[in-house]
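In case you want the letters, here they are:
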Amino acid sequence: MARTVIMDHPLIQHKIGIIRKKDTSSKEFREMISEIAMLMCYEATRELPLTDVEIETPICKTTVKELEGKKMAVVPILRAGLGMVEGMLAMIPAAKIGHIGLYRDPETLAPVEYYCKLPSDIASREVFVTDPMLATGGSATAAITMLKEKGAKKIHFMCIIASPEGIEKMHEVHPDVDVFVGALDDHLNEHGYIVPGLGDAGDRIFGTK
Ligand SMILES: O=P(O)(O)OC[C@H]1O[C@H](OP(=O)(O)OP(=O)(O)O)[C@H](O)[C@@H]1O
Ligand SMILES: O=c1cc[nH]c(=O)[nH]1
Ligand SMILES: [Mg+2]
């Protein structure tokens with residue numbers, strides 16, 4: 001069974017407080033989303049394998065740790081997941097980027113697919129899917145199903161705010177996927193929005209409302 005990791009680091013919690021405020025501008029919202037993603041990436045990559053390498057310092061020979069060269073990919077769910085890419089890349093700059101386009105039908109809340117472009121070697125990469133919001137879980141579970149259909153095996157899901165319903169659905173549909181969460185909120189309202197949440201993440205990042 002995969003894990004749900006709530007990232008309760010004070011810097012992450014403080015920045016989440018800022019993006020929840022309704023008067024936070026798109027500029028500051030984008031900056032905060034990016035910084036939160038960077039901090040979450042730092043935590044989520046804690047278990048990457050290291051290997052010992054012999055080097056020479058100016059003083060003597062010694063053994064240092066290096067990342068095993070595991071290949072990674074960041075896959076944002078469009079649009080809102082794009083806001084997390086820059087922060088992730090600040091930590092893992094060699095990662096390749098895939099894109100999955102999904103929007104949630106406002107009536108049925110079901111995810112509608114409109115785009116998918118992934119690195120050709122996605123099957124051999126450790127994949128970090130990003131989306132700030134995990135509400136019903138429909139979009140995230142559909143995106144991960146698409147990734148698995150293309151051969152991806154080791155997948156992590158990174159979201160900033162999750163509902164209990166979304167977490168439950170993720171673990172039910174994809175029990176092999178670890179979920180990294182900035183904050184676990186209370187519930188979904190009758191329109192499928194997370195409460196207290198932050199409203200529509202995509203609209204707030206791109207200023208489309
Ligand atoms: O868990 P769910 O119930 O599927 O809801 C979460 C999805 O809804 C939002 O996307 P939205 O449909 O608003 O698209 P956008 O990012 O283009 O705004 C959000 O960014 C997630 O992708
Ligand atoms: O609260 C929510 C739910 C879905 N999508 C969002 O952007 N916000
Ligand atoms: Mg949206």
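All figures in this text were calculated on a predicted structure; none of them were measured in a lab. (Residues numbered from 1 in each chain as written. Chains lettered and ligands numbered in written order. Predicted model: local features only at pLDDT ≥ 70, side-chain atom pairs only at ≥ 80, totals over all residues. Heavy atoms only, no water.)

**Student:** It is not clear to me how the coordination of the magnesium ion (ligand 3) should be interpreted in this structure. Could you clarify?
**Tutor:** Protein coordination at the magnesium ion (ligand 3): the donors are Asp-200 (OD) and Asp-200 (OD), at 2.3 to 2.7 Å from the metal. Mapped onto the elements of the fold, Asp-200 is located in the loop between β13 (194–195) and α6 (201–206). (Donors = N, O, S within 2.8 Å, 3.2 Å for Na, K, Ca; no water. Helix = DSSP H or I, 4+ residues; strand = E, 2+ residues; numbered from the N terminus.)

**Student:** What exactly am I supposed to notice about the site of ligand 1 here?
**Tutor:** Residues in contact with ligand 1 amount to 15 residues; listed here are only the nearest, Arg-79, Arg-104, Asp-131, Thr-136 and Ser-139. Here an oxygen atom of ligand 1 and a side-chain polar atom of Arg-79 are 2.8 Å apart. One of the side-chain nitrogen or oxygen atoms of Ser-139 is found 2.6 Å away from an oxygen atom of ligand 1. Within the complex, the protein chains bury 91% of what would otherwise be the 500 Å² of accessible surface of ligand 1. Looking at side-chain class alone, the shell around ligand 1 contains six nonpolar, five polar and four charged residues. (Near = heavy atom within 4 Å. Polar contact = N/O pair within 3.5 Å; in protein donor to acceptor, adjacent residues only side chain to side chain. Areas by Shrake-Rupley, 256 points an atom, 1.4 Å probe, with all protein chains shown as cover. Nonpolar A, V, L, I, M, F, W, Y, C, P; charged D, E, K, R; others polar.)

**Student:** Please explain the UniProt feature "binding site: uracil" (unreviewed entry) in the protein as it appears in this structure.
**Tutor:** The feature "binding site: uracil" (unreviewed entry), as given by UniProt, occupies Ile-194, Gly-199, Asp-200 and Ala-201 in the numbering adopted here. With respect to the helices and strands, Gly-199 occurs in the loop between β13 and α6. On the basis of relative accessibility, which here comes to 35%, the residue Gly-199 falls in the partly exposed class. Not counting residues up to four positions away in its chain, the partners in contact with Gly-199 are Met-133 and Tyr-193. Looking at where Ala-201 falls in the secondary structure, it is placed in helix α6. (UniProt positions renumbered as here; feature names shortened; annotations may be inferred. Buried < 20%, exposed > 50% of the residue type's maximum accessible area, 1.4 Å probe, protein only. Contact = heavy atoms within 4.5 Å.)

**Student:** Quick question: what am I supposed to make of the side chain of Asp-185 here?
**Tutor:** Positionally, Asp-185 belongs in the loop between β11 (178–184) and β12 (187–188). A polar contact is formed between the side chain of Asp-185 and the side chain of Arg-20, at a distance of 2.7 Å. A polar side-chain atom of Asp-185 sits 2.8 Å from the main-chain amide nitrogen of Gly-197. Those residues within four positions of Asp-185 in sequence are excluded, and the remaining contacts are Arg-20, Ile-161, Ala-162, Pro-164, Ile-194, Val-195, Pro-196 and Gly-197.

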